[in-house]
Every structure is written in structure tokens, then in C-alpha cells.
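Single-letter residue listing:
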Amino acid sequence: MHRLSKRSVTAILRSTTAARYREIAAPISSSHFFYDSADGDSKGRWYSSLTSGRCNVNGSIKPFKSTNTPFLGCRYESTAAASDSPSEKFEYQAEVSRLMDLIVNSLYSNKEVFLRELISNASDALDKLRFLGVTQPELLKDGVDLDIRIQTDKDNGVITITDSGIGMTRQELVDCLGTIAQSGTAKFLKALKDSKDAGADSNLIGQFGVGFYSAFLVSEQVEVSTKSPKSDKQYVWVGEANSSTYTIREETDPAKLLPRGTRLTLYLKRDDKGFAHPERIEKLVKNYSQFVSFPIYTWQEKGYTKEVEVDEDPAEAKKEGEDETAEKKKKTKKIVEKYWDWELTNETQPIWLRSPKEVSKEEYNEFYKKTFNEYLEPLASSHFTTEGEVEFRSILYVPSVSSMGKDDIVNPKTKNIRLYVKRVFISDDFDGELFPRYLSFIKGVVDSNDLPLNVSREILQESRVVRIMRKRLVRKAFEMIQGISLSENKDDYDKFWENYGKHLKLGCIEDRENHKRLAPLLRFFSSQSDEFTISLDEYVENMKPDQKDIYYIASDSVTSAKNTPFLEKLLEKDLEVLFLVDPIDEVAIQNLKSYKEKNFVDISKEDLDLGDKNEDKEKEIKQEFGQTCDWIKKRLGDKVASVQISNRLSSSPCVLVSGKFGWSANMERLMKAQTVGDTSNLDFMRSRRVFEINPEHPIIRTLNEACRSTPDDEEALRAIDLLYDAALVSSGFTPDNPAQLGGKIYEMMNMALAGKWGTVGGYQQQQVNQQSYIPETVEAEVVEPAEAGGQK
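Nothing here was measured: the structure is a model prediction, and the numbers come from that model.

Thresholds, definitions, all that
The residue numbering used here restarts from 1 in each chain and proceeds along that chain's sequence as written. Given that this is a predicted model, residues contribute local features only at a pLDDT of at least 70 and side-chain atom pairs are listed and counted only at 80 or more, while totals for whole chains, interfaces and linings are drawn from all residues. Where side-chain values are given, they derive from all heavy atoms of the structure, hydrogens and water being excluded. Put simply, a disulfide is two cysteine sulfurs that come within 2.5 Å. Only protein chains enter the accessibility calculation, which uses a 1.4 Å probe; a residue whose area is less than 20% of its type maximum is buried, one above 50% is exposed, and one in between is partly exposed. Buried Ala, Val, Leu, Ile, Met, Phe, Trp, Tyr and Cys residues form a nonpolar core when they are joined through side-chain atoms within 4.5 Å. Only DSSP runs of H or I with at least four residues qualify as helices, and only runs of E with at least two residues qualify as strands; both kinds are numbered from the N terminus onward. In this scheme, strands are said to pair when DSSP sees at least two bridges between them. Comment: axis = line fitted to C-alpha atoms, over the contacting stretch for helices; angle = value between 0 and 180 degrees taken between N-to-C directions. Residue contacts are defined here by distance: any two heavy atoms, one from each residue, within 4.5 Å place the two residues in contact. Geometry of aromatic contacts follows a simple scheme: Phe, Tyr and Trp rings, the Trp one being its six-membered ring, pair when their centres are within 6.5 Å, and the pair is stacked under 30 degrees between planes, edge-to-face over 60, tilted otherwise. Criterion for a charge above a ring: Arg CZ or Lys NZ at most 6 Å from the ring centre, at most 35 degrees from the ring normal.

(A) Representation of the state of the cysteines. Tallied over the entire structure, the rule returns 0 disulfides. Here C629 is not cross-linked by a disulfide; its sulfur's nearest cysteine counterpart is in C707, at 9.2 Å. Overall, the relative accessible area of 4% leaves C707 in the buried class.

Here it is, written out as C-alpha cells:
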């Protein structure tokens, strides 16, 4: 090919660019001129974007010269010309050393997962061999068992992982280990999918092609020695953590030859040599890879007890020799002989892969205690398999006792759900992905083959699959709890409710979609059952035929709820009222709103309808006491929103009820008690209270007469104040000035008792006399002593 010189190429480009700009019709700017000159020509020519001709320039103007390729053709090329130019395709490039650094230091959050990843790779190699051995029996001709063996050298910080799987040829070493993010397992699965054997093997674990490089989390050098049954030679791959290169050589040492499979040798970093302890390896295998399909053996130190002879002391031997008739017995002692041997570390058959019909209750309980370190048997368990759009297997448990205590409703750091993907443990650190936080007390395992995970296989990605799985797990959890509630042994659900009742009430607040499942599980005390809790179903069954609503009252205790004045008329009518005595109860019920088409009604709120309205009688009473209501409202002012005739009282003179959309007395108390609660709305809610009076009570009738005869009487007005304060306390509210309220009560007591007993009246007169006697005593002190002596 003929090559043009740089000068020739530059001249061609410049002449082409000049020709293009002579054809431009639209002006760019009046001040833009372009210089055109040969390299040796000192007299340049300038082009203007406004004219198509050339113009001469004087020597005072210095031309712009570019030492690189001319900018004219790149920057001012017309749009039409650019669209005709061919496009070039480039491949992404990656700096291998930087990519390796990202995998080692950024991809995995926990170093100990390196063993999980390497065991998963070994399991995939065994699975491939088992599958290919069906159609190619010659691959299994050596008769080596399919297993994984892990040996450690804690003194030198070396871990060796050996599998008897399919192994790799030299080209496969280059393709799989020399190419980051190329997964041999994924390629194998794709080949299966494209063939007639699609779906024949679903136990392969690898997906992303980066699991092997997790070895560099703890290793400064990794050596991979592998022998494929398809090749006669064994090859060794060697890579270092801080290098972007690797080496491959043929194994020539007869002592290191493998019949088949792969041996990984990890030379640990100085700070990570603790992983080479046999106990540490055993613990990691049991945590992450306990249910891998193939047996995993670890090299463990063992011991057995044996008796050995002990040399006798000469002095004791001489003493015993005196008695020749006595039979001599050799002295022995027991010692522990230690040795190293392979020990099976994992269970190859997970309990959740078995049919529920084959698993006994004792096996479920034993698995629960072993997996979650519990000593008590669970209240209930559920073993199920979900198929269809999302396939997974799971075993769920309800613990007998809350591990975090009754007062800890929500623990964001629960580790109660162990997630497995293809029997390999992924994580137990979830914050609401699989279960809502109010069901965080549920424990169990979930195993799926197709969960969307991130590359490190540590984080569950949000997706439609996860949402469907979460919905089904929640439904199964509710079925399990419902089974406890329907059990013949009522103590089981009482125990459950005592430990987890608040969790379900929290669910009423947070999970509107499951209200129908939550509501039947709730339990409350009531006016007809103050010692045992009842369900909402039992309440509905006991409702009167004409009762439309479910009545409740919120209080701080069952005793307070039983003695509240709001109950008077309802008890007369034999209407049952639920007692909400937990702080969370009232908010939970307000979120439920209704149950079986029956609305929840707070009997401490205004406009209470008991279904016995008599409009004629109400109209007559309002005419009689309407003036009194206005008189009381005028005296109380902004303390109440209004004064009304009550239909809920029978023995109390008055009561203070909350507005329809205001805080109840219980809610106001809770808002005040919160250390970071917002009390800015407290004054507004206080102004929404309604003062209800009982027209049948003698006090109200007396005040009605006072209103008509002497509305400005001071004692009558003070009686209204005291009546309001008393209603404030009896209705569950807290008075603003308790000392002032106490003074009013003492004063009214004194007035009531003054004319009944003489001593009380004398005491009152004595107080008056003492007030007038004080100045006389002062004057008497001025008397001279001589006068006193003369009188004597």
C-alpha cells in the first residue's frame, strides 16, 4: 500500500475543508476568518464565513497556525456532510489490574465468603462431570468418588481445596480463569438450554464468572492445578493478587498429579492466616455450604483413648516384692492418641428438599434448634414448596419466646431468615425484603434457584420476583399463626399473643393489604371479659341484634377503663365495649376502621349513637336546658368547643368528650409522654373538647335553676368551674393546675360540711376571729409593766 506523507495528507485535508466552507450558505459570525496556507507559504489567504471569495490580508494580522490536524474539518463541518460519514464501532476496554482491584476490594463486603464461592465452583465442576458422565461414561473411568476435600496448614497459612470434578484443559484455563467475568457454568447452562437436554440440570451455582477471584480477598497467591479427563496433561495456573498477569505451565511433578479434577492452593496474606485454622474452615463450611449436594471433607485433628503401661517406682516394687504370694499387676494409665484424618463436615440432604410427609415433627424441631441455636421447641412450623411464576422451598417457624424481649417490637437487625440459593447460604441480613418488619419474629430458611442477586451474591435485588416471594411467605406465615389460634390448646395462642401481640398490632398500622388476615388474630379485654382476652370474631358473635358498631374505649389499664363514666349507658344496655390498654392499640384500631362491615366507634368521642334516639324527647330536653348549656359555655369560654346534652351518662353529672377528629384522653396522654413528640397541636386539640351534661342528675338540675334565677351568682359560677375540673379528671384528661383543683375541692368540702357539724362551724368561726384578733394583740403589747403589776 502506498503511504502518503504527513505534509500531503495535511494539504489534502485543508483544501477539502476550504472547498466545503465556500459552499456554506448560512453565516456563522462576522468575525470568523479561516487561514489557508501551505507550510512554506508566508503569504496566507483568509476565508470569511460571510463571503465565498478570498480576501487578502495585510502583514499586521498574524495568522493562526495549527501544528496538529486542522480543526476546520472537525468543528465547522456542515450537518449534511456529517450525516454521510461512516460510523466506527469500538469495544469497551478495561484496565485489568484496576478491575481485579475492584473485585477484590469492592465487590465483597465479607472476606469469609471466599470459601463459599470456591466450594460452589467445585460443586459446579462435580455437577458437570456427573451430567456429562451419563452420555460419556469414559469420563468416569478412573472411579474416583465425587467429593470436595479441604486441607489446611495453619503454620504456613495455606489452604488447599480439591475436587474430583470435570477439571479444565489448557484452553479452558485461559478462557475461564484468564478472562474476568466469563462463567464456565453460565456457558455450560447455555449449551444445555440450546440442546435437547434443556433443564436437565438446575443445580449449577455459578452465574457471573467472578467467584474464583474472591480467593484474592485472603490470598496473595493462588495456584490452580487441574486435570481434565479430556486431556492427558495436567496444567498449573498461577496468579498473584497485585498482578494483572498470570502463568500457565504443565505439571511435571509425579507427586502432584491428579487422576481428575482441580486443586486450588491458597497462600494466605499475613493478616488472613487465621482462616487456615481447621476449626475456622469447619465453621465456614457449616455456615455457608452445609447443604451442597456433594460431600465436603475437612482435614481435622482427632484422638482416641488407649491404655499404656507405666514404669513402676523401685521403692514400691521392693515393698510389693515382700509379699511373694500376692499376684503382681502391671500399672497402666489412659492417654489420648492424636491423629489427623478426613471428617465429613456437611449434610448433603437439606431437610427442606424432602417431602413434608417424610419429615417428622421431631426432625423439624431438631433442625430449628440446631439452625437458630434455640433450646425451646417452636410453637408452630410450616414446610411448603411454591411453584409457578416463582419457585422456592421454605420452612418457617414461630418461636416460643421472643429472643429480643416483649418490649422490643421491631428489631431492624434480625437474622431470622436464612436465604439459600441452590442450597448455598447467601445471607441472613435482610431489612424487610422477604418479610415486613412486624413479622420479623418469624424464623426460617428459604431456598430458591433463580433469585435476582448482585454479583457478590450477598444482596437481594429488588424485583418482581422478590415481591412475589415476599407476598407468598407472608401468606404462609399468617396461615401458620392462624393454625395456632385454632389449636385445641388455647394456651399456645395465649403464649403467642403475650410475646407477639404488639407485632400484629404494628402490622395493622403498616400493612393495609393484610388487614383481613391480621384482624382475626387480634385479642382484647372487654367490659364483659376483663380477665381473658377475646377475639373480634367473639365480639361480633356477642353483639346485640340491633347493634351496628363495635365500641371501644382506650385507657392506660383495665381498671381505669372499667370505671370510666363513658361506659354507664352502654353497661345499662348490656353493650360490650373493648378495652384498649396498650399504647399501640388505639392507633391500630383506627387504621383497621372496620371489621366484618362493623365500624369501630370510640365511646369517648362526640356524636355517640347507641341506636335509641328519641327526637321528640331530645327536642324537649334541649328546650329545657338550652339556656343552661349556653350559660356554662360562656363561663368555660375557650376551654370547650361546646356544651351539649349527653346520651351516654346515667349516674355522672357530666363528662368531657373529645371532638370527632380530635385526640382522645389516652392519645393526648401518649403524645405528652413522648420525649420527641410534637405538642404544637395540643392546644388546638384541647379546644375541640365537648362538655356533655346529664340532665337527669341533681347537680345539673340545681345549676339549671341557678341559671334561671341568679346566673351571676359567684358560688354557682365556681360550681361550674369545679364541675369542669372534675369531668376533666374522670374523663382521663390531665388538669393544667392540679394544686388549684385541689384548693377548689377543699373549699367546696368546707362549704358542704360547714352547717352539718358544730365543730366545723366553730373551726370556721375561729379562723375568722383569729383574723380580727391579730391587731388587738399588737395593741396589748404596748401596756406598761408597772400598770400590769399595779393591777396585780
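After that view of the structure, there is still more to cover.
(B) How the structure looks around the nonpolar core. In terms of nonpolar packing, the biggest core is built from 75 residues, with V398, F435, L439 and Y551 touching the most fellow members. It is helix α11 (residues 464-485) that provides the largest number of residues to this core, a total of 9 residues. With 54 residues, the next largest nonpolar core counts I148, L217, V222 and L264 among its residues.

(C) Quick peek at the sheet that holds strand β24 (residues 654-657). Spatially, the 3 strands line up as an open sheet ordered β23-β25-β24, and their pairing is mixed. Two strands close off the open sheet at either side, each with one partner strand: β23 (642-645) and β24. Each neighbouring strand pair of the sheet contributes to a mean axis angle of 25°, computed without reference to strand direction. By the bridge criterion, 4 bridges tie β23 to strand β25 (residues 690-693) in an arrangement that is parallel. Within β25, the residue paired with Q644 across the bridge is E692. Against the sheet, helix α22 (residues 714-730) makes contact with β24 and β25, and its axis sits at roughly 60° relative to β24, the strand it touches most.

(D) View of the packing of aromatic side chains. Tallied over the full model, the rule gives 22 aromatic pairs. Their ring planes at 75° and their centres at 5.3 Å tell us that F212 and Y213 sit as a pair that is edge-to-face. For the residue pair F212 and Y213, the accessibility class agrees, reading buried in each case. On the numbers, 5.3 Å between centres and 35° between planes, the contact of Y493 with F496 is tilted. Taken together, the residues span about one helical turn, with Y493 and F496 both in helix α12 (residues 490-510) at a distance of 3 residues. F496 carries the same exposure label as Y493, and that label is buried. A cation over a ring is seen here: R280 above F275, with NZ or CZ 4.2 Å from the ring centre. The ring of F425 has R418 lying over it, and the distance from NZ or CZ to the ring centre is 4.1 Å.

(E) Spatial organisation of the environment of A561. Residue placement: A561 occurs in helix α15 (residues 558-562). In sequence terms A561 and F579 are 18 residues apart; their C-alpha atoms lie 6.4 Å from each other.

(F) Focus on the pairing of strand β14 (residues 417-421). Within β14, 5 of the 5 residues are buried, which leaves it mostly tucked inside the rest of the structure. Alternating positions in β14 separate into two faces, I417, L419 and V421 on one and R418 and Y420 on the other, with burial throughout. Relative to strand β16 (residues 443-448), β14 runs parallel, the two sharing 5 bridges. By the bridge assignment for β16, R418 is matched with V445. In terms of strand pairing, β14 meets strand β15 (residues 424-427) through 3 bridges, oriented antiparallel. Among the inter-strand pairings, Y420 is bridged to a residue of β15, identified as F425. Counted along the chain from β14 to the antiparallel partner β15, the turn is 2 residues long, and its residue K422 has a positive phi close to 55°.

(G) Layout of the pairing of strand β8 (residues 246-250). Here strand β7 (residues 234-240) pairs with β8 via 5 bridges, running antiparallel. Within β8, the residue paired with V236 across the bridge is R249. In textbook terms, the turn of a hairpin is the stretch between consecutive antiparallel strands, and for β7 and β8 this stretch comprises 5 residues.

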